[in-house]
Amino acid sequence: MSAYELQVVSVDGLEFDGEVQRVTLRTIDGDVAILARHTNYCTAVGMGTAKVILPDNTERRAACIGGMISVMNGKCRILPTTWEWSSEIDVERAERARDRAKEKLADATLSREARAHAQAKLYRALVRLQSAGK
Amino acid sequence: MAAANMKAVKLRIKSVENTMQITKAMQLVAASKLRKAKEKADETKPYLDTLKATLTDIANGNTDFQSPYTKEGTNEKWLYIVIAGDRGLAGGYNANLFRFMDAQSRGRDITALPLGKKAVDYLRHRQIPILTEEFAEVGSITVSDCFEIARLVCAEYRKGEFGHVMMCYTNFVSMLSQVPQAVSMLPLSDFRSGENPQQGPRDLILYEPDSETVFNAIAPEYLAGLVYSSVKLSVASELAARRTAMESATDNAEEMISDLNLYYNRARQASITQEITEIVAGAEEP
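Thresholds applied
For every chain, the first residue of its written sequence is number 1, and the numbers climb from 1 along that sequence. Going through the entries in the order they are written, you letter the chains from A and number the ligands from 1. The model is predicted, so local features are restricted to residues of pLDDT at least 70 and side-chain atom pairs to those at 80 or more, both for listing and for counting; the totals for chains, interfaces and linings are taken over all residues. Secondary structure elements are defined from DSSP: runs of H or I of at least 4 residues count as helices, runs of E of at least 2 residues count as strands, and each element is numbered from the N terminus. Using C-alpha atoms as the atom set, the radius of gyration is obtained and then compared with a globule rule of 2.2 Å times the number of residues to the power 0.38. Exposure in this text rests on C-beta crowding, where 20 or more other C-beta atoms within 10 Å of a residue's own make it buried, 12 or fewer make it exposed, and counts in between make it partly exposed. The C-beta atoms are placed from the backbone. In this description, a residue-residue contact is defined by the distance between C-beta atoms placed from the backbone, which must lie within 7 Å. All residues other than Ala, Val, Leu, Ile, Met, Phe, Trp, Tyr, Cys, Pro, Asp, Glu, Lys and Arg, Gly among them, are scored as polar; the first ten of these are nonpolar and the last four charged. Each pair of strands is called paired provided DSSP finds at least two bridges between the two strands. Throughout, an axis means a line fitted to C-alpha atoms (over the contacting stretch in the case of helices), and angles, computed between N-to-C directions, take values from 0 to 180 degrees. Working definition: the nonpolar core is a set of buried Ala, Val, Leu, Ile, Met, Phe, Trp, Tyr and Cys residues, joined through C-beta atoms within 7 Å. Where a domain begins and ends is set by an automatic assignment or by a domain database. A residue's pLDDT is simply how confident the predictor is in it, with values from 0 to 100. If an angle is under 35 degrees, it is roughly parallel; if it is over 145, roughly antiparallel; if it lies from 65 to 115, roughly perpendicular; otherwise it is oblique. In a left-handed crossing the near helix is turned counterclockwise from the far helix by less than a right angle, and in a right-handed crossing that turn is clockwise.

This brings us to the overall build of chain B. In terms of helices and strands, chain B carries 5 helices and 5 strands. When the helices and strands of chain B are placed in sequence order, the string is α-β-α-β-α-α-β-β-β-α. Over its C-alpha atoms chain B spans a radius of gyration of 28 Å, topping by over 25% the 19 Å that the globule rule assigns to 286 residues. With the principal axes as the frame, chain B shows a C-alpha extent of 115 × 35 × 35 Å.

What follows is the structure in structure tokens.
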């Protein structure tokens, strides 16, 4: 399969820059996979596990949350709010975050804002755990 | 007379030495903070560059003007996000930025959102309307603050309070050179590269699910990203500017002390010579 150029840049720095065969990630509109020679494309990134297939067929996973993805003239750029490679994810911390968020959500008297906040935290923790687990 | 003069010089040397101690300490503090800030700035720089490049590409290719974020400026009110420092004694860091902003915004109807205490002071002094002072301390701004700023700006923009949003910050070019810069943030069409208006057929872009949803989702994100990385660059610039300013202040103090020492020694010698002359003159009398 032919490869194309992918750049992943988050506020924490350049996460990836090189050739890939395919990248799969969750956008606000569902999962997409970008292959070589994709048309010019732009959408917002949701929350989910991103899979990057390198030219030698190895797969790398990452927790990818928020931001945007664009394909312009054959070059793909992902600008996520957070991007953590599965090897960098602190599983224990994510588990703690998940349990804390669940505890909070169990409280029925929570205000709507606080509930949304806890919900978002829970989703983030779940995405991290999902991305870390093979 | 000579003795009184010598005493004054001695005092002056002491006072310059004290000042030098302070400038030296500030220089060292700025230098050590700078190392960390520079790392942070270097980390965010690729993000800022890529973000700008992507947005310029999209703006150049965009043929959709449904979303409020892509519509050409509908009114001539400008919001300026001004990122300056919290403290002075950083050479021309703050002054350069404000001068640059004034030149940029001349003749425009502007409101400002200051980040940094110096920016708040300056805008108040100039009586430019301020959107919010909530984020006055630039040193303690976090990613979530940036998202809050972005949400606030987007909300105001969608209400039609402003037709354009710009940001003024100081770019960290190198340890010795920091340049004030302005970047357009909204609407997206302001990103279009001026010298290269698209001619001929444009590359169409596929937006999924549709352009309005996409822009509504990404505009706050990219605003926050732009603000965050610019804050990091500005903080590094401020420290670099302060280090340079304090370095030259220390050098000047050193020079002054050596001049004063020379003067003091001359005065001392002159007074001794005079005393000897007086004694000799007295002794010659029978």
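Attention now goes to the overall build of chain A. Helix and strand counts for chain A stand at 2 helices and 8 strands. Scanning chain A from its N terminus toward the C terminus, one meets helices and strands in the order β-β-β-β-β-β-β-β-α-α. Counting only C-alpha atoms, chain A reaches 55 × 25 × 25 Å along its principal axes. In chain A, which comprises 134 residues, the proportion classed as buried is 33%.

A few words on the interface of chain B and chain A. The interface of chain B with chain A comprises 26 residues on the first partner and 25 residues on the second. Elements that contribute at least two residues to the side of chain B that touches chain A include exactly helix H1 (2-61), strand S5 (206-207) and helix H5 (211-284) of chain B. With 10 residues, the top contributor of residues to the side of chain B that touches chain A is H1(B). Of the residues contributing to the side of chain B that touches chain A, the split by class is 15 nonpolar, 6 polar and 5 charged. Note that strand S5 (residues 41-44) of chain A and S5(B) share 2 bridges and pair parallel. If you follow Tyr41(A) over to S5(B), its bridge partner there is Leu206(B).

Here we take up helix H3 (residues 117-126) of chain B. Listing the buried residues of H3(B) in full gives Lys118(B), Ala119(B), Val120(B), Tyr122(B) and Leu123(B). Of the residues trailing H3(B), Gln127(B) is marked for its positive phi of about 55°.

It is worth spelling out the sheet that holds strand S2 (residues 109-115) of chain B at this point. Residues and elements named next belong to chain B. One open sheet holds the 4 strands; their spatial order is S2-S1-S3-S4, and the pairing between them is mixed. Of all the strands in the sheet, the pair left with one neighbour each is S2 and strand S4 (178-186). Each strand of the sheet is rotated relative to its neighbour by a mean of 25°, with strand direction disregarded. Lying on the sheet, helix H2 (residues 93-105) is in contact with strand S1 (77-83), S2, strand S3 (164-172) and S4; it crosses S3 at an angle near 150°.

The next thing to look at is the nonpolar core. The nonpolar side chains of soluble globular proteins are, as a tendency, buried together. Residue and element names in this part refer to chain B. Ranked by internal contacts, the top residues of the largest apolar core, which has 101 residues, are Val-82, Leu-223 and Val-227. With 19 residues, the top contributor of residues to this core is H5. When sequence neighbours within four positions are dropped, the list of residues in contact with Val-227 reads Ile-81, Cys-146, Ile-149 and Ala-150.

Attention now moves to the domain arrangement of chain A. All names here are of chain A. Examined at the domain level, chain A breaks down into domain 1 (4-87) and domain 2 (90-132). Once you take the C-alpha centre of each, domain 1 and domain 2 turn out to be 25 Å apart. Each partner contributes to the interface: domain 1 provides 9 residues, whereas domain 2 provides 7 residues. No other element matches strand S7 (residues 59-72), which puts 4 residues into the side of domain 1 that touches domain 2. Classifying every residue of the side of domain 1 that touches domain 2 gives 4 nonpolar, 3 polar and 2 charged.

Attention now goes to the domain arrangement of chain B. Structurally, chain B comprises domain 1 (2-23 + 245-284) and domain 2 (38-242). Each of domain 1 of chain B and domain 2 of chain B has a C-alpha centre, and these two points are 53 Å apart.

As a further point, take the confidence of the model for chain A. Considering every residue of chain A, the mean pLDDT works out to 87; 99% of them sit at 70 or more. When pLDDT is averaged over each helix and strand of chain A, the minimum, 85, is found for helix H2 (residues 112-132) of chain A and the maximum, 91, for strand S3 (residues 22-27) of chain A.

For the rest of this paragraph, the subject is unusual backbone geometry. Positive phi outside glycine occurs at Asn57(A), with the angle close to 70°. Looking at the element boundaries, Asn57(A) is found in the loop between strand S6 (47-53) and S7.

So, on to the packing of helix H4 (residues 143-159) of chain B against H5(B). All names here are of chain B. Look at H4 against H5: their axes get within 8 Å of each other, and the N-to-C directions meet at 130°. Between H4 and H5, the angle falls in the class oblique. In terms of crossing hand, the pair formed by H4 and H5 is right-handed. Across the interface between the two elements, Val-143, Cys-146, Phe-147, Ile-149, Ala-150, Arg-151, Val-153 and Cys-154 from H4 touch Ala-219, Pro-220, Leu-223, Ala-224, Val-227 and Tyr-228 from H5. Per-class residue counts for the contact of H4 with H5 are 13 nonpolar, no polar and 1 charged.

Quick look at the environment of Ala240(B) now. Residue and element names in this part refer to chain B. With respect to the element layout, Ala-240 can be found in helix H5. Judged by the 27 C-beta atoms lying within 10 Å of it, Ala-240 falls in the buried class. Sequence-wise, Ala-240 and Gly-91 are 149 residues apart; in three dimensions their C-alpha atoms are separated by 9.7 Å. For Ala-240, the contacting residues outside a window of four places in its chain are Leu-34, Phe-172, Met-175 and Gln-178.

Next up on the list: the pairing of strand S2 (residues 13-20) of chain A. Regular strands place their side chains on alternate faces of the sheet. All names here are of chain A. Alignment of strand S1 (residues 4-10) against S2, held across 7 bridges, turns out to be antiparallel. By the bridge assignment, Ser-10 is partnered in S2 with Gly-13. Between the end of S1 and the start of S2, which pair antiparallel, lie 2 residues.

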